[in-house]
Amino acid sequence: MVFFSIILTIFSDKHLEECLNSIFSQTNSDFEVICIDTTNSEKTDEILSKFLMDTRLTRIKVDITVDNIGDIKNNLIESSTGKYLSFLTSNNVLSNPEVLEKISESSNNAELISSNIDVINENITSNPFYNPIYTKYTEIGEDEVEEYGVPYNLSRNIIKKEYVVQNHITFRNMNHC
């Protein structure tokens, strides 16, 4: 069992290498990365080939649609081995190389941990307003779970897998939203 299972959905190859570099340069290496590759892109193949020798990386090529995205992520939650789950997309970058280390040191068995990531878009390559402060929550608000299934904006949060499983929290397919 690893401490973190990072489920990375690749919708574009544009910032993928930067995303993967931010993950694999972490000072805490107790993680697995499960990539959901939806691109069918030669560029994505080229980028991933640089990282596939690392046994912590698993690649799953899928034809993802609004009808199956929830099911795919739910299956990956079930098969993941981490104590905590993190959901990223390929335009997310961990804000500094010590993010996972600081989270693991301060987790205190919390169900939900909020952390910082940078979201890259066409105009911004880093966000100076993010800082490495981590807020711990001992439980997730019931209203949030009921309304969204998995907590909204989960890419900024790391959630305990045991909590997800015990409370039957799942991703919905987009056609149900």
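Up top is the structure these notes are about.
Residues numbered from 1 in each chain as written. Predicted model: local features only at pLDDT ≥ 70, side-chain atom pairs only at ≥ 80, totals over all residues. Heavy atoms only, no water.

Caption draft 1: Structural detail: the overall build of the protein chain. Helix and strand counts for the protein chain stand at six helices and nine strands. In the protein chain, which comprises 177 residues, the share counted as buried stands at 48%. Of the contacts formed within the protein chain by residues at least 6 apart in sequence, a portion of 77% connects residues at least 24 apart. For the protein chain, the exposed area adds up to about 9,300 Å²; of that, 48% sits on carbon and sulfur atoms. (Helix = DSSP H or I, 4+ residues; strand = E, 2+ residues; numbered from the N terminus. Buried < 20%, exposed > 50% of the residue type's maximum accessible area, 1.4 Å probe, protein only. Contact = heavy atoms within 4.5 Å. Areas by Shrake-Rupley, 256 points an atom, 1.4 Å probe, with all protein chains shown as cover.)

Caption draft 2: Region of the structure containing the packing of helix α1 (residues 16–24) against helix α2 (residues 42–49). At a minimum axis separation of 10 Å, α1 and α2 run at an interaxial angle of 20 degrees. By the criterion of interaxial angle, the relationship of α1 to α2 is roughly parallel. As α1 runs across α2, the sense of the crossing is right-handed. Listed contacts from α2 to Leu16, Glu17 and Leu20 of α1 are Thr44, Ile47 and Leu48. (Axes fitted to C-alpha atoms, helices over the stretch in contact; angles between N-to-C directions. Parallel < 35°, antiparallel > 145°, perpendicular 65-115°, else oblique. Left-handed = near helix turned anticlockwise from the far one by under 90°.)

Caption draft 3: Structural view of the pattern of salt bridges. On inspection of all chains with the given rule, the structure shows seven salt bridges. Asp37 is the partner of Arg59 in a salt bridge, and the nearest nitrogen-oxygen pair spans 2.4 Å. Here Arg59, found in strand β3 (residues 57–61), pairs with Asp37, found in strand β2 (residues 31–37); they are 22 residues apart in sequence, far enough to count as distant. For Arg59, a relative accessible area of 23% puts it in the partly exposed group. Owing to a relative accessible area of 1%, Asp37 belongs among the buried residues under this scheme. Here Lys61 ties to Asp45 by a salt bridge, and the two come within 3.5 Å at their closest N and O atoms. Remark: Asp45 occurs in helix α2 and Lys61 occurs in strand β3; sequence separation between them is 16 residues. Residue classification places Asp45 among the partly exposed residues on the basis of a relative accessible area of 29%. (Salt bridge = Lys/Arg side-chain N within 4 Å of Asp/Glu carboxyl O.)

Caption draft 4: Highlighting the nonpolar core. Judged by nonpolar contacts, the single largest core of 26 residues is most densely connected at Phe4, Leu8, Leu20, Ile23, Phe24, Phe31 and Val33. Elements with a minimum of two residues in this core: β1 (2–10), α1, β2, α2, β4 (82–89) and α4 (99–106). Filtering out sequence-adjacent residues up to four positions away, Phe24 remains in contact with Phe31, Val33, Phe51, Asp54, Arg56 and Leu57. With 15 residues, the next largest nonpolar core counts Ile7, Ile34, Phe87 and Ile169 among its residues. (Core = buried A, V, L, I, M, F, W, Y, C linked by side-chain atoms within 4.5 Å.)

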